[in-house]
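Structural features, examined
This is what each chain is made of:
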Amino acid sequence: MKNILVTGGAGFIGSAFVRYMVEKYPEYNIIVYDKLTYAGNMDNLLPVSDEPNYRFEQGDIADRETVRRVFNAHQIDTVVNFAAESHVDRSILAPDAFIHTDVVGVYILLDESRQHGVGRFLQVSTDEVYGDIESGFSKEDDPFLPNSPYAASKAGGELMVRSFHVTHGMDTVITRGSNTFGPYQYPEKIIPFFTTEAIDDRPLPVYGDGMQVRDWLYVDDHARGIEVALMKGVSGEAYNIAGEDQRHNIEVTKRLLSLLDKPDTLIKYVPDREGHDRRYAMNCDKLRALGWERQYTFETAIEATIRWYQTNEWWWRKIKTGEYLEFYKKQYEARLAAAE
Ligand code: NAD
Ligand code: TYD
C-alpha cells in the first residue's frame with residue numbers, strides 16, 4: 001500500500017480521515033478525489049494543503065474517464081470510498097443524485113479499481129442499511145432493511161462491493177458507522193444545524209416527538225475505525241463502527257442549548273420526517289477484536305464540538321447562503337409554519 005485514493009475526502013468524515021492519515025503516515029501518498037458537491041469543501045482540507053504527501057483531484061466517481069485518468073496518474077493501489085450523497089432529508093426530496101453516486105458511482109469506482117489492479121477497496125457505509133431496530137443491537141450479518149432512499153442507495157452500493165469480492169475475488173472491506181459528529185460537519189445534520197441556528201437565536205425544528213434514538217460517534221473515532229478496518233480487516237468482511245452512546249434527539253437538542261446558554265423555547269416540534277427510523281444501535285465487538293476502541297463519548301466530545309462552531313463562524317456562515325437557503329425553505333418552511 002502506497003498511493004491511497006480517498007474519494008469524497010473533501011466532506012465531513014473523509015476530510016477528518018485525510019487530515020489524520022496525512023500526518024500519521026508520511027510514507028503514504030493520500031490523493032483526494034472529490035466532485036465538490038454542495039457538501040464538499042476545500043476549507044476542510046486546508047490543514048493539510050501544503051503537505052508533500054497530499055494531492056487533490058476534482059471529479060465524479062461515476063465519471064469513468066476521469067476516474068481512469070486519476071488511477072493512472074497516481075498509480076493508485078488502495079481506495080477508501082467516502083463519496084456519497086449523505087443526507088436523508090435530501091434523499092426524500094430528490095433521490096436521483098443518491099442513485100447516481102451511492103450506487104452507480106460505487107460500481108464504476110469498483111470496476112475501475114479492478115481493472116487497475118487495486119489491492120484493497122474499502123467502502124464506507126452506514127448503520128442505516130439495517131433500518132429501524134426497536135431493541136437490541138444490529139450485527140454485521142443481520143439483514144438489510146433500509147427505509148429511506150439514502151439508506152437504500154447505500155445498501156445498493158454495499159451489495160455491489162460484495163458482488164465484486166465474490167465474483168472477481170477483489171480485496172474489499174466495508175465499514176458501517178453510526179451517527180457521527182464533530183468539527184467541519186455540513187450544517188444540515190442535526191448537531192451542526194441546531195448549533196448554528198441556536199447561535200443565531202433561530203427555531204430548532206425537532207421532528208415528531210423528538211424521542212427517536214441515534215448512536216453518537218465522534219468523528220476522530222470514526223476515522224480511526226476506518227484506519228483499523230483498512231489495515232487489519234479481513235477481506236470480504238463488514239465491520240460496524242458504533243459510538244455505543246445512544247441518545248434521544250430531544251436530549252441532544254437540550255444539551256446543545258444548555259452548552260450554548262440558550263433557552264429551550266427555541267425548540268419547535270414540527271411534523272415528522274417521512275419514514276423516520278425510530279432507533280439505530282449496533283454491536284461493534286467485531287471491530288473491537290481488531291484492536292479498535294472509541295476514545296471519546298458524546299459527553300466528552302460534545303462541548304469541544306459546540307465550541308468549535310462558536311469559534312469558527314468563518315467556516316459555516318459562508319455555507320449558509322445560496323443553495324443552502326433553498327434547501328432550508330423546501331425542508332422547513334411549511335414544517336415550521338405547522339409547528340405546535
Ligand atoms: P458529506 O456529505 O459531508 O461528504 C460527502 C463528500 O462526497 C463531499 O465532499 C462530496 O463533494 C463528495 N461527493 C458526493 N458525490 C460525489 C461524487 N459523485 N463523486 C465524488 N465525490 C462526491 O458526508 P459525510 O458525512 O462525510 O459521510 C461520508 C461517508 O460516510 C458517506 O459515505 C456516508 O454515507 C458515510 N456515513 C456518514 C455518517 C454520518 O453521520 N455523517 C455515518 C455513517 C456513515
Ligand atoms: P440527521 O442528522 O439528519 O442524521 P440521520 O437521519 O442520518 O440519523 O438526523 C439525526 C436525527 O435528528 C434524526 O432522528 C432526525 C432528527 N432531526 C430532527 O429532528 N430535526 C432536524 O432538523 C434534523 C436535520 C434531524
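Computed from a predicted model, the values in this text were never measured in an experiment.

Details of the overall build of the chain
Along the backbone of the chain there are twelve helices and twelve strands. Expected size for 340 residues packed as a compact globule is a radius of gyration near 20 Å; at 19 Å, the chain falls within 12% of this value. Dimensions of the chain, computed from the C-alpha atoms along their principal axes, are close to 55 × 45 × 35 Å. The 340 residues of the chain split such that 57% are buried. If you take every contact in the chain between residues at least 6 apart in sequence, the share linking residues at least 24 apart comes to 84%. With the model as given, the accessible surface of the chain reaches about 13700 Å², and the carbon-plus-sulfur share is 51%.

Observations concerning the site of ligand 1
With respect to spatial proximity, 29 residues lie near ligand 1, and among them Ile 13, Asp 34, Ser 86, Tyr 150 and Lys 154 are the closest. Between Thr 180 and ligand 1, the recorded distance is 2.9 Å, taken from a backbone N or O atom to an oxygen atom. Against a free-state accessible area of 840 Å², the protein chains account for coverage of 97% of ligand 1. Within the residue set of the shell around ligand 1, elements represented by two or more residues are helix 1 (12-24), strand 5 (120-126), helix 5 (149-168) and strand 7 (179-181). In terms of residue count, strand 5 provides more of the shell around ligand 1 than any other element does, three residues in total. Of the residues belonging to the shell around ligand 1, the class tally is eleven nonpolar, 14 polar and four charged.

A few points about the sheet that holds strand 6 (residues 171-177)
What the seven strands build is an open sheet, ordered 3-2-1-4-5-6-10; its pairing is parallel. For this open sheet the edge positions go to strand 3 (54-58) and strand 10 (238-241), each flanked by a neighbour on one side alone. Neighbour-to-neighbour, the strand axes of the sheet open up by a mean angle of 20°, direction not taken into account. Pairing of strand 4 (residues 78-81) with strand 5 involves four bridges; the strand directions are parallel. Opposite Thr 78, over in strand 5, you have Arg 120 as the bridge partner. Along the sheet face, helix 5 touches strand 5 and strand 6 and points at about 155° away from the line of strand 5.

Digging into the sheet that holds strand 9 (residues 213-218)
The three strands are arranged 7-9-11 in an open sheet whose pairing can be described as mixed. Only two strands of the sheet have a single partner each, and these edge strands are strand 7 and strand 11 (246-248). Averaged over all pairs of adjacent strands, the angle between their axes in this sheet comes to 50°, without regard to strand direction. Taken together, the three bridges between strand 9 and strand 11 define a ladder with antiparallel strand orientation.

Comments concerning the nonpolar core
With 74 residues, the main nonpolar core has Phe 17, Val 18 and Val 80 as its most contacted residues. When residues in this core are grouped by element, the largest group, seven residues, is from helix 1. Counting only domains with at least three residues in this core, you end up with domain 1 (3-180 + 215-241) and domain 2 (185-214 + 247-274 + 298-332). For Val 18, the contacting residues outside a window of four places in its chain are Val 6, Gly 9, Ile 30, Val 32, Leu 45, Val 48 and Tyr 54. Counting residues in hydrophobic clusters, the runner-up holds 20 residues, among them Ile 31, Tyr 33, Val 67 and Val 79.

Remarks on the site of ligand 2
Near ligand 2, the surroundings consist of 18 residues, among which Glu 128, Arg 214, Arg 273, His 276 and Tyr 332 are the closest. Asn 249 is positioned such that a nitrogen or oxygen atom in its side chain is 2.8 Å from an oxygen atom of ligand 2. For the shell around ligand 2, the elements supplying multiple residues, two or more each, are helix 6 (190-199) and strand 8 (204-207). Counted by class, the shell around ligand 2 contains eight nonpolar, five polar and five charged residues. Lining the shell around ligand 2 are residues from two domains, each supplying at least three of them: domain 1 (3-180 + 215-241) and domain 2 (185-214 + 247-274 + 298-332).

Brief notes about helix 4 (residues 96-115)
If you check helix 4, its first and last C-alpha atoms are 27 Å apart, about what 20 residues at 1.5 Å a residue would give, namely 28 Å. Approximately 35° is the largest bend angle found in helix 4, and it occurs at Gly 105. Of all the residues in helix 4, the buried ones are Phe 98, Thr 101, Asp 102, Gly 105, Val 106, Ile 108, Leu 109, Leu 110, Asp 111, Glu 112 and Ser 113. Residues of helix 4 that are buried in the fold lie against strand 1 (3-7), helix 2 (64-74), strand 4, helix 3 (88-93), strand 5 and helix 5. Downstream of helix 4 by a residue or two, Gly 117 has a phi angle that is positive, lying close to 65°.

A few points about the pairing of strand 8
Residues Leu 204 and Val 206 of strand 8 are buried on one face, and the alternating residues Pro 205 and Tyr 207, pointing to the opposite face, are buried as well. Here strand 8 runs beside strand 12 (residues 267-270); their pairing, made up of four bridges, is parallel. Following the sheet pairing, Tyr 207 is matched in strand 12 by Val 270.

Thresholds, definitions, all that
Position labels on residues start from 1 in each chain and follow its written sequence. Labels follow written order: the first chain is A, the first ligand is 1, and so on. Local features are withheld for residues below a pLDDT of 70 in this predicted model, meaning they are given only at 70 or higher, and side-chain atom pairs are given and counted only at 80 or more; totals for whole chains, interfaces and linings count all residues. As a rule here, side-chain values come from all non-hydrogen atoms in the structure, and water together with hydrogens is ignored. A run of H or I in DSSP counts as a helix once it spans at least four residues, and a run of E counts as a strand once it spans at least two, with each numbered from the N terminus. Taken over C-alpha atoms, the radius of gyration is set against a globule rule of 2.2 Å times the number of residues to the power 0.38. Per-residue accessibility, obtained with a 1.4 Å probe over protein chains only, is compared with the maximum for each type, and a residue is labelled buried under 20%, exposed over 50%, and partly exposed between these values. We call two residues in contact when some of their heavy atoms are within 4.5 Å. In this description, accessible areas are obtained by the Shrake-Rupley approach with a 1.4 Å probe, and a residue is regarded as covered only by the protein chains that are shown. Throughout, near means a residue has at least one heavy atom within 4 Å of the molecule or strand. What qualifies as a polar contact is a pair of N or O atoms within 3.5 Å, subject to a donor-acceptor requirement within protein and to the restriction that residues adjacent in sequence count only when both atoms come from side chains. In the scheme used here, Gly and all other residues not listed as nonpolar or charged are polar, with Ala, Val, Leu, Ile, Met, Phe, Trp, Tyr, Cys and Pro taken as nonpolar and Asp, Glu, Lys and Arg as charged. Strands are treated as partners if at least two bridges between them are detected by DSSP. To get an axis, fit a line to the C-alpha atoms, keeping to the stretch in contact for a helix; angles then go from 0 to 180 degrees between the N-to-C directions. Only buried Ala, Val, Leu, Ile, Met, Phe, Trp, Tyr and Cys residues count toward a nonpolar core, and they belong to the same one when joined by side-chain atoms within 4.5 Å. Note that the domain bounds reflect an automated or database-derived domain assignment. Expected helix span is computed as 1.5 Å times (number of residues minus one). Bend is computed residue by residue as the angle between axes fitted to the seven residues ending at the residue and the seven residues starting at it.

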